[in-house]
Structures are given as C-alpha cells and as structure tokens.
Amino acid sequence: MSGRRSRGGSVSEEEINELISKLQSLLPTARRRGSGSSSSQASTAKMLKETCSYIKTLNREVEDLSDRLTDLMATMDQNSPAAEIIRSLLR
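What you see is a predicted model, and the numbers here were worked out from it, not measured in a lab. (Residues numbered from 1 in each chain as written. Predicted model: local features only at pLDDT ≥ 70, side-chain atom pairs only at ≥ 80, totals over all residues. Heavy atoms only, no water.)

Draft legend 1. Fine view of the overall build of the protein chain. Tallying secondary structure elements over the protein chain gives four helices and zero strands in all. In the protein chain, the succession of α and β elements from N to C terminus is α-α-α-α. Per-residue burial for the protein chain yields a buried fraction of 16% across its 91 residues. The contacts in the protein chain between residues at least 6 apart in sequence include a share of 20% that link residues at least 24 apart. By element, 56% of the accessible surface of the protein chain is carried by carbon and sulfur atoms, the whole surface being about 7,100 Å². (Helix = DSSP H or I, 4+ residues; strand = E, 2+ residues; numbered from the N terminus. Buried < 20%, exposed > 50% of the residue type's maximum accessible area, 1.4 Å probe, protein only. Contact = heavy atoms within 4.5 Å. Areas by Shrake-Rupley, 256 points an atom, 1.4 Å probe, with all protein chains shown as cover.)

Here it is as structure tokens:
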C-alpha cells in the first residue's frame, strides 16, 4: 500500500472510497444490500463496524470448529485411516 500513499503519508478520499468499496464486496451483508454510496462518513463507519462484527463471527466459528476437531481427534484411534485423513488436511 506504500505506493498508494500521497505526500505526507496521508491517504486520499478517493483511495479510502476505493478501499471501502473493496471491503464492502467481501462482507456477506454488504453484498446482499448491493453497493450504495460508500462515500459518506456514516456509511464508512457502518461498513467498518460490520467488518469488525464479521471478523468476530469468523473468529468464533474458527474456535468452535477447532474445539469440535479436538474433541473428535480425542475420541478416535490415532492410527485409523480417518485420523490420518484429518491430519493430512491440517498440514
């Protein structure tokens, strides 16, 4: 991103709008709504809040899946073909 910075290390409003638009395309709730005007401070703040919420949701899902995988691995024979498949997927 260093090539995108203007003099003085600040980011132009156009660059911010471009980044917000890209971020919006990654969020499921934003994709469903469609692209509205993301140039206002209110919509930018809302997009950043949605991003934080989405990241927290993804983190909870990862933790849940990790716990479930740990429980599964603890109950299976470590030398079984199923255990080997799981280990190979984790590499």
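On we go from here.
Draft legend 2. Highlighting helix α1 (residues 13-26). Taking 1.5 Å per residue, 14 residues should reach 20 Å; α1 reaches 20 Å between its end C-alpha atoms and fits that length. Buried within α1 we find Glu15, Ile20 and Gln24. (Expected span 1.5 Å × (residues − 1).)

Draft legend 3. Spatial organisation of the pattern of salt bridges. The final tally for this structure, using the stated rule, is four salt bridges. Residue Lys22 is joined to Glu18 by a salt bridge in which the shortest nitrogen-to-oxygen separation is 3.2 Å. Of the two residues, Lys22 and Glu18 both sit in helix α1, four residues apart, roughly one turn of that helix. Overall, Lys22 belongs to the partly exposed group, its relative accessible area being 42%. What makes Glu18 partly exposed here is its relative accessible area of 33%. When salt bridges with common partners are traced through the structure, they connect Glu84, Arg87 and Arg91 into a single cluster. (Salt bridge = Lys/Arg side-chain N within 4 Å of Asp/Glu carboxyl O.)

Draft legend 4. Main features of the side chain of Thr51. Within the secondary structure layout, Thr51 lies in helix α3 (residues 41-75). By relative accessible area, which is 11% here, Thr51 ends up buried. When neighbours within four sequence positions are excluded, Thr51 is seen to be in contact with Leu23 and Leu27.

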